[in-house]
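Structure assessment
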Amino acid sequence: MTVRVRFAPSPTGMFHVGGARSALQNWIYAKQQGGVFVLRIEDTDAARNKPEWTEGILSALDWIGISRGSYEGPYFQSANAGEHRAAAARLYDSGRAYYCDCTREDVQARTGSQYQGYDGYHRDRGLGPGPGHALRFRTPDEGATVVVDLIRGEPTFENKLIEDFVIARGDGSPVFLLANVVDDMTMGITHVIRAEEHLPNTPKQQLLWEALGVKPPIWAHVPVVVNEKRQKLSKRRDKVALEAYRDEGYLAGAMRNYLMLLGWAPSGDREIVPWSVIEDEFRLDEVNLSSAFFDEKKLRAFNGEYIRALPVAEFIDACQPWLTGTGTIAPPPWQPEEFDADAFAAVAPLAQTRIAVLSEIVPNVDFLFLASPLIDEAAWTKTMKDGSAELLDDAVAAFEALESWDAESLKSTLEAVGAERGLKLGKTQAPVRVAVTGRTVGLPLFESLEVLGRERTLTRIRAARLRLV
Ligand code: GLU
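The rules behind each value
- Residues numbered from 1 in each chain as written.
- Predicted model: local features only at pLDDT ≥ 70, side-chain atom pairs only at ≥ 80, totals over all residues.
- Heavy atoms only, no water.
- Helix = DSSP H or I, 4+ residues; strand = E, 2+ residues; numbered from the N terminus.
- Buried < 20%, exposed > 50% of the residue type's maximum accessible area, 1.4 Å probe, protein only.
- Lys, Arg positive; Asp, Glu negative; His and termini not counted.
- Salt bridge = Lys/Arg side-chain N within 4 Å of Asp/Glu carboxyl O.
- Polar contact = N/O pair within 3.5 Å; in protein donor to acceptor, adjacent residues only side chain to side chain.
- Contact = heavy atoms within 4.5 Å.
- Near = heavy atom within 4 Å.
- Areas by Shrake-Rupley, 256 points an atom, 1.4 Å probe, with all protein chains shown as cover.
- Expected span 1.5 Å × (residues − 1).
- Disulfide = S-S within 2.5 Å.
- Axes fitted to C-alpha atoms, helices over the stretch in contact; angles between N-to-C directions.
- Left-handed = near helix turned anticlockwise from the far one by under 90°.
- Nonpolar A, V, L, I, M, F, W, Y, C, P; charged D, E, K, R; others polar.
- UniProt positions renumbered as here; feature names shortened; annotations may be inferred.

A closer look at the side chain of R460
Tracing the backbone shows R460 in helix 19 (residues 454–467). Buried within the structure, R460 lacks any salt-bridge partner; its nearest side chain of opposite charge belongs to D366, at an N-O separation of 7.4 Å. A polar contact is formed between the side chain of R460 and the backbone oxygen of F367, at a distance of 2.8 Å. With residues up to four places along the chain from it excluded, the contact list for R460 reads F367, L370, A371, S372, P373, A435, V436 and L452.

Okay, structure coming up:
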């Protein structure tokens, strides 16, 4: 039997990191089993789906390493509507489903509770199809449905506790539960690996498989991803969109490594490992049963390590979207023609060790590409004290006289300027840094001045000096 897994997102919003994790788990499982990964876009909820979300899913998957053309699909659930209706009709014809025209209020009035499920009122009343008649599945009165789950063992559900659930609405349209099963069936899916939140659907879906005469798949329900308060990650509250992380400058390698660590760990005391190790070692049945904490701080730290591990040339390439504002990334504060690739290459190794996400490259190097630096006013006020004006005057004089404009000479020169005033280098360089870069923190100052050049450095220090009059 060839293993066939699927990832079946609904295109109703940005691509959730939890979805990316399920996709990767399916992807690896298929690879390990010599199987096939199928992508199915569950787009039947026309009111909530938008084509751009589908494109977002495809490009986010591509980014994370599940590249277009390397899987089967994408299939679109909406294209299968005929099959869904045919399955509903088969279930009705075989007596496994029946029509019902009860409203929720009718059921409540009979059962006396809004929490009670459907009471089976129409089971044997022989109501035929008609407008407003929903189709309900007749669940068995006895026995139990045992689900085989690679992560959870054999969760068992008493059939008498499963209500006769709706499989097609009053307008004849099949609901998610049925469409999802029929698609899995027609696509020959053997393993359904998905989020834990679907577990309550699983006994119902397994009953549908059985009623349609097909052996159910093996299931694996992966625990949910939660925030630091142990709440399920939510679109409204948490940063969940994979695209947002990508645009902020997380590396795909770091992201997918981190996602796979949610609820699982490679052998040894390792966390940052090559993808090939994860592909070898990951075991679905080792995934932890408790919910997994998505720790953005840890992800950031991971990303910093991945950035530092890049060859410099790759780091330079990886920064380009932020430097040139391509794609979905916000444009930098300078014009493209002001960007100087050589100047950037000269400071790139210094920046590489200091940033944790690629977008942070911009505030670190913007002083190089702007006619005058963006002054952070709070930094200015904090730094420019009594004596700063004179110190800047001395720095200008000393820098003008400098023979060789290199980091080492710049450093010893400024050190001497400070020493005359009894100041340590840190105190001496702070006003110079703010004058030249606009900020109190950034790349090593003297290397920065070397790259910026004498003329621009002096112009900026003089401009700052004038502000202090
Ligand atoms: N479309 C469903 C979702 O996005 C997927 C259900 C499943 O994986 O079976 O939650």
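This is not the end of the story, as more comes after the structure.
Some details on the site of the ligand
Within the structure, the ligand sits among R6, A8, P9, S10, E42, F176, N180, R194 and H198. Between N180 and the ligand, the recorded distance is 3.1 Å, taken from a side-chain N or O atom to an oxygen atom. In the complex, the protein chains occlude 81% of the 300 Å² of accessible area that the ligand would expose alone.

Points about helix 16 (residues 407–420)
Helix length check: helix 16 (14 residues) gives 20 Å between terminal C-alpha atoms against 20 Å at 1.5 Å per residue, within 8%. Looking at the buried positions of helix 16, the neighbouring elements they touch are helix 15 (388–401), helix 17 (425–437) and helix 18 (445–452). Of the residues flanking the end of helix 16, it is G422, one or two places downstream, whose phi is positive at about 70°.

A short note on the state of the cysteines
As enumerated under the stated definition, the model contains zero disulfides in all. Considering cysteine sulfurs only, C102 is the nearest to C100, which forms no disulfide, with 3.8 Å between them. The exposure class assigned to C100 is buried, which follows from its relative accessible area of 2%.

Describing the packing of helix 12 (residues 341–352) against helix 13 (residues 361–369)
The contact between helix 12 and helix 13 brings their axes to 11 Å, and the two run at 150°. For the crossing formed where helix 12 meets helix 13, the hand is right-handed. Only I361, V365, L368 and F369 of helix 13 make contact with helix 12, whose side of the interface consists of A343, F344, V347 and A351. Of the residues assigned to the contact of helix 12 with helix 13, the class counts are eight nonpolar, no polar and no charged.

As for the UniProt feature "domain: Glutamyl/glutaminyl-tRNA synthetase class Ib catalytic" (unreviewed entry) in the chain
With numbering matched to this structure, UniProt assigns "domain: Glutamyl/glutaminyl-tRNA synthetase class Ib catalytic" (unreviewed entry) to residues 3–300. Annotated as 34% helix and 15% strand, the span residues 3–300 places its first and last C-alpha atoms 35 Å apart.

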